[in-house]
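A closer look at the structure
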Amino acid sequence: LERKYEYFVHFEGQDRRLDQWISGDQLVELFLFYGALVRSKVTCTPPEKNIEKIVFGSYEIQCWYYSPYRLKSKAVDRLFVCENCLLYTEDRCRYACHLANDCKPSCPPGENIYEESDIKVYEVFGALEKPFYVIAKGLFQFYCQRLCLLAKLFIDHKTLCFDVENFIFYLLCEMDDDGTHIAAMFSKEMYSANNLACIMTLPCYQRKGYGNLLIQLSYEMSKRAKYPGTPERPFSDLGEISYKKYWLWVLLEFFDSTAMRKASFILTFFSQHTSSFAFHLSWPILCSLLSYLFSKFILSFHVFFPRTVSS
């Protein structure tokens, strides 16, 4: 090993979004600390992540995975992405000129299908919106393709980036005085039983419940179309966590409904008159236990049924 070089390291048993460049000195320290265990795991493989960070609106976001952006160099430290038209460039000056002269704050090129407070959801058809473009040095840049390239930076298993004609995209946006800001999105394939193909929330907008909202929206659309819906598999690690959280929330909401409260009263009455140990369990504890078991094993089923709660 030569200390003057940097090395791209993958940590065994960890998700690839934790892959990172480390200096030769740091790698030597890993060798000294872990010894032969590290030596047996070292392989000379080329790095996959080609973009370290993106500048998106007012945020600078650390990227997780490789995305097939057309770049001048093999890898870049920073890529500038316009949050209005999703045009991208490696040049800071060109990016500033684009924002000042060429691109004005606007909404995504689709229909607004949901609005609540400062949140809006837009539906964009890949086939219909493909002619939507901006002109940059004579090249036609398609909005949905650039959206897929952006999502690929944060979804490891995503393979669709350019053939967008058969997909519908749903963009969740935050609204403020500065305009519309893309926060999360999911896609679904047309003419498919799957109600969701890929789902992504930008890291700077996570932990706000947007993933749950989009999952609920996908099931609500299946419900209104009157067919059972299911997401595509395999799940990413974060996708699996999102669906477990969603179904746990659905179950807790169901157990807290009026019908289940009546059932709780009946169980309590039966317990008092029969002295049955089985019904002496606290109802909240029983609900929590059932919710945990359901959320733990629900992902092993092949079909996710839409919610039956009336809208």
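Basis of the calculations
Residues numbered from 1 in each chain as written. Predicted model: local features only at pLDDT ≥ 70, side-chain atom pairs only at ≥ 80, totals over all residues. Heavy atoms only, no water. UniProt positions renumbered as here; feature names shortened; annotations may be inferred. Helix = DSSP H or I, 4+ residues; strand = E, 2+ residues; numbered from the N terminus. Buried < 20%, exposed > 50% of the residue type's maximum accessible area, 1.4 Å probe, protein only. Contact = heavy atoms within 4.5 Å. Areas by Shrake-Rupley, 256 points an atom, 1.4 Å probe, with all protein chains shown as cover. Polar contact = N/O pair within 3.5 Å; in protein donor to acceptor, adjacent residues only side chain to side chain. Expected span 1.5 Å × (residues − 1).

The name that an unreviewed UniProt entry assigns to the protein is Histone acetyltransferase, with the source organism given as Angiostrongylus cantonensis. The heading Subcellular location (unreviewed entry) in the UniProt record of the protein holds the text "Nucleus". Regarding the protein, the relevant UniProt record gives this comment under Sequence similarities (unreviewed entry): "Belongs to the MYST (SAS/MOZ) family."

A word on the overall build of the protein. A count of helical and extended segments in the protein gives nine helices and 15 strands. Looking at the protein as a whole, 40% of its 311 residues qualify as buried. Sequence-distant contacts, at least 24 apart, represent 56% of the contacts inside the protein between residues at least 6 apart. Carbon and sulfur atoms make up 57% of the accessible area of the protein, which totals about 18,500 Å².

Looking at the element boundaries, Thr 89 is found in strand β6 (residues 88-89). Classification of Thr 89 as buried rests on a relative accessible area of 9%. Polar side-chain contacts of Thr 89 include one of 3.1 Å to the backbone nitrogen of Asp 91. Once residues lying within four places of it in the same chain are set aside, the contact partners of Thr 89 are Leu 79, Phe 80, Arg 94 and Tyr 95.

Helix length check: helix α6 (residues 210-225), at 16 residues, gives a terminal C-alpha distance of 23 Å against a target of 22 Å (1.5 Å per residue), a fit within 8%. Within the sequence span of α6, burial applies to Tyr 210, Gly 211, Leu 214, Ile 215, Leu 217, Ser 218, Tyr 219, Glu 220, Met 221 and Ser 222. Trailing α6 by a residue or two, Lys 226 shows a phi angle of about 65°, which is positive.

Mapped onto this structure's residue numbering, the UniProt feature "active site" (unreviewed entry) falls at Glu 232. Following the sequence through the fold, Glu 232 ends up in the loop between β15 (230-231) and α7 (237-255). For Glu 232, a relative accessible area of 27% translates into the label partly exposed. In this structure Glu 232 touches Glu 189, Asn 194, Leu 196 and Ala 197, once residues within four positions along its chain are discounted.

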